[in-house]
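# An overview of the molecular structure
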Amino acid sequence: MSNSTLSISVSGLKKAYAGRPVLENLNFTVPKGSIYTLLGSNGAGKTTTIRILTTQIPADQGEAEIEGYSVSKSPHKVREVISLTGQFSAVDEVLTGKENLVLMARLRQLPSPKKAALDLLEYFGLADAADQRVSSYSGGMKRKLDIAISLTGHPKVIFLDEPTIGLDPQSRRSMWKLIKELQASGVTIFLTTQYLEEAEELADRIAILDKGKIIAEGTSRELKSYLPQGALEFFFQDPESLEAAASLLKDYKTAFVPEEYKLTVFTDGKGDTLAGICSMLYQDCIKIRDFARLTPRLEDVFLSMIDRKEKNRDEI
């Protein structure tokens, strides 16, 4: 992929605090107009990555470019094309929504600050609350205003550091819709989150960050392919049927929950294999109350990757 098609390019990025590594040799690229999500637990290094890319702190080693500008050599140029919405609201709650936006438009030296503010308030559905003090806004409204401020001046790249943290489910889904609309307008979005469903819902590509290292990267579908496909989950009428099924399928890897009469059978995912298992149960007259074919979730991938990483550390 050529540099002209990339919004962000990161190579060999490292950062340590007091001798403790926080980021270790990060490498990734983000195509223009895409949503790239950095997924990780608290303390994984997500916010440190954003702080480096948005020129707030320097990296110890490595190179990063935003829209062709070096983060270390041309930070002023980088700041002209980016915007950041952090984990916590940066709006002035004493001012009204409109006053916040007019102030930012003036700082950005836009030709018509008031018009820019009103346009953004309308776009984000905040026009009716334009003249209310921000202290009266709900959490979701404050988050929308935060992002509206970020869009002042039409940045090419927006960094969203855990944008839905602390929001209720309805406000979170409203924010997801908004982020998709921003992408549709041509903006590149770099998103960090610890919410697995958020990454799956929004991201074109996902990187799983653990203790400062990217341990997996790809689309949601590609990441899910790391895990075995085609598990079958059976629910039986009684404990006798469960025991009979477990005995019959002893050659397969299985897991069961006795109190629920539930048996999970892990397979290669091929249709013939799944059909054969069902046929074996039918021929042995084992009564099935219900069943479902399971496919890996992003959460399963994330937990599996972290668990595998921990086991590898223990073996060293």
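The residue count restarts for each chain, going from 1 along the sequence in the order it is written. Local features are withheld for residues below a pLDDT of 70 in this predicted model, meaning they are given only at 70 or higher, and side-chain atom pairs are given and counted only at 80 or more; totals for whole chains, interfaces and linings count all residues. Working from all heavy atoms in the structure, the side-chain values ignore hydrogens and water.

With an unreviewed UniProt entry as reference, the protein chain is termed ATP-binding cassette domain-containing protein, source organism Candidatus Blautia pullistercoris. UniProt positions are given in the numbering used here, feature names are shortened, and annotations may be inferred rather than shown by experiment. As stated in UniProt under Sequence similarities (unreviewed entry), the record for the protein chain gives "Belongs to the ABC transporter superfamily."

## Quick look at the overall build of the protein chain
Helix numbering and strand numbering both begin at the N terminus, where a helix is a DSSP run of H or I of at least 4 residues and a strand a DSSP run of E of at least 2. Along the backbone of the protein chain there are 11 helices and 14 strands. Taking 316 residues into account, the globule formula puts the C-alpha radius of gyration at 20 Å, and the protein chain, at 25 Å, lies well above it. Principal axes of the C-alpha set define a box for the protein chain whose edges measure 80 × 50 × 35 Å. Here a residue-residue contact requires only that any non-hydrogen atoms of the pair lie within 4.5 Å. For the protein chain, the proportion of contacts with a sequence separation of at least 24, taken over those separated by at least 6, is 69%. Counting every atom, the protein chain has about 16,600 Å² of accessible surface; 50% of that belongs to carbon and sulfur. Only C-alpha atoms enter the radius of gyration; for comparison, a globular chain is expected to reach 2.2 Å times N to the power 0.38, where N is the number of residues. Areas reported as accessible are Shrake-Rupley estimates using a 1.4 Å probe. Residue values count occlusion only from the protein chains shown.

## Things to note about the nonpolar core
One finds L101, F124, L145, I147, L160, I179 and I189 to be the most contacted residues of the largest nonpolar core, which totals 30 residues. Elements that contribute at least two residues to this core include exactly α3 (97-107), α4 (113-123), α5 (139-151), β7 (157-161), α6 (169-184) and β8 (188-193). What makes a nonpolar core is a set of buried Ala, Val, Leu, Ile, Met, Phe, Trp, Tyr and Cys residues whose side-chain atoms join them at distances within 4.5 Å. We call a residue buried when its accessible area falls under 20% of the maximum for its residue type, exposed when it is over 50%, and partly exposed in between, using a 1.4 Å probe and counting protein chains only. L13, L26, A44 and I66 belong to the second largest nonpolar core, which has 25 residues in total.

## Here's the deal with the side chain of T37
Residue placement: T37 occurs in strand β3 (residues 35-39). Beyond its immediate sequence surroundings of up to four residues, T37 is in contact with L191, T193, A199, A203, R205, I206 and A207.

## Some remarks on the sheet that holds strand β12 (residues 253-257)
The pairing criterion is simple: DSSP has to find at least two bridges between the two strands. Across the sheet, which stays open at both edges, the 4 strands sit in the order β12-β13-β11-β14 with antiparallel pairing between neighbours. In the strand order of this sheet, the two ends are held by β12 and β14 (288-294), each with one partner. This sheet shows a mean twist of 20° between the axes of neighbouring strands, independent of strand direction. Where β12 meets strand β13 (residues 262-266), 5 bridges bridge the pair, whose relative direction is antiparallel. Paired with A255 across the two strands is T264, which belongs to β13. The axes used here are C-alpha line fits, helices contributing only the stretch in contact, and every angle between their N-to-C directions lies in the interval 0 to 180 degrees. Set on the sheet, helix α9 (residues 239-248) makes contact with β11 (231-236), β12 and β13; between it and β13 the angle comes to about 15°.

## A word on the environment of L303
Inspection of the secondary structure assignment puts L303 in helix α11 (residues 298-315). For L303 and H154, which are 149 residues apart along the polypeptide, the C-alpha to C-alpha distance reads 38 Å.

## Considering the pairing of β8
Two faces belong to every sheet, and in a regular strand the side chains alternate between them. When you tally the buried positions in β8, you get 6 out of 6 residues, the bulk of the element. Residues T188, F190 and T192 point to one face of β8 and I189, L191 and T193 to the other, with burial holding for every one of them. Inspection of the sheet shows β3 paired to β8 by 5 bridges, in the parallel sense. By the bridge assignment for β8, T37 is matched with L191. Sheet analysis places β7 next to β8, joined by 5 bridges and oriented parallel. Of the residues in β8, the one forming a bridge with F159 is F190. Here a crossover is taken to be right-handed if, once the strands point away from the viewer, the path from the first strand over the helix to the second is traced clockwise. After leaving β7, the chain enters α6 and then returns to the sheet as β8, a path that is right-handed.

## A closer look at the pattern of salt bridges
Salt bridge, as used here: a side-chain nitrogen of Lys or Arg that lies within 4 Å of a carboxyl oxygen of Asp or Glu. Under the criterion given, the structure shown has 14 salt bridges. E181 is paired through a salt bridge with K177; the nearest N and O atoms lie 2.7 Å apart. Taken as a pair, E181 and K177 lie in helix α6 at a separation of 4 residues, close to a single helical turn. Note on E181: relative accessible area 30%, which makes it partly exposed. A single network of salt bridges, built from pairs that share partners, joins E233, E260 and K262.

## Some thoughts on the layout of surface pockets
In this structure, the largest pocket spans a volume of roughly 390 Å³. Only protein atoms enter the 1 Å grid used here. Points where a 1.4 Å probe fits but cannot escape make up a cavity, open sets with protein on both sides within 12 Å along at least five of seven lines make up a pocket, and a residue lines them when an atom lies within 4 Å of a point. Considering the residues around the largest pocket, the lining is formed by 20 residues, among which S83, L84, M104, R108 and I149 are closest to the centre. Elements with a contribution of two residues or more to the lining of the largest pocket: α2 (75-81), β6 (82-85), α3 and α5. Considered class by class, the residues forming the lining of the largest pocket number 9 nonpolar, 6 polar and 5 charged. Grid points are joined across faces, edges and corners, and a volume is the space filled by probe spheres set on the points. In the scheme used here, Gly and all other residues not listed as nonpolar or charged are polar, with Ala, Val, Leu, Ile, Met, Phe, Trp, Tyr, Cys and Pro taken as nonpolar and Asp, Glu, Lys and Arg as charged.

## Quick word on the packing of aromatic side chains
Pairing of aromatic rings covers Phe, Tyr and Trp, the last counted by its six-membered ring, and requires centre-to-centre distances within 6.5 Å; plane angles under 30 degrees mean stacked, over 60 mean edge-to-face, and any other angle means tilted. A complete count under the given rule lists 7 aromatic pairs for this structure. Judged by centre distance (5.1 Å) and plane angle (15°), the rings of F28 and Y36 are stacked. On the basis of relative accessible area, F28 is assigned to the buried category, the value being 3%. Aromatic side chains Y36 and F190 sit 5.7 Å apart centroid to centroid with 20° between the ring planes, which places their arrangement in the stacked category. One end of the pair, Y36, is in strand β3; the other, F190, is in strand β8, with 154 residues separating them in the sequence. On the accessibility criterion, Y36 (1% relative accessible area) is buried.

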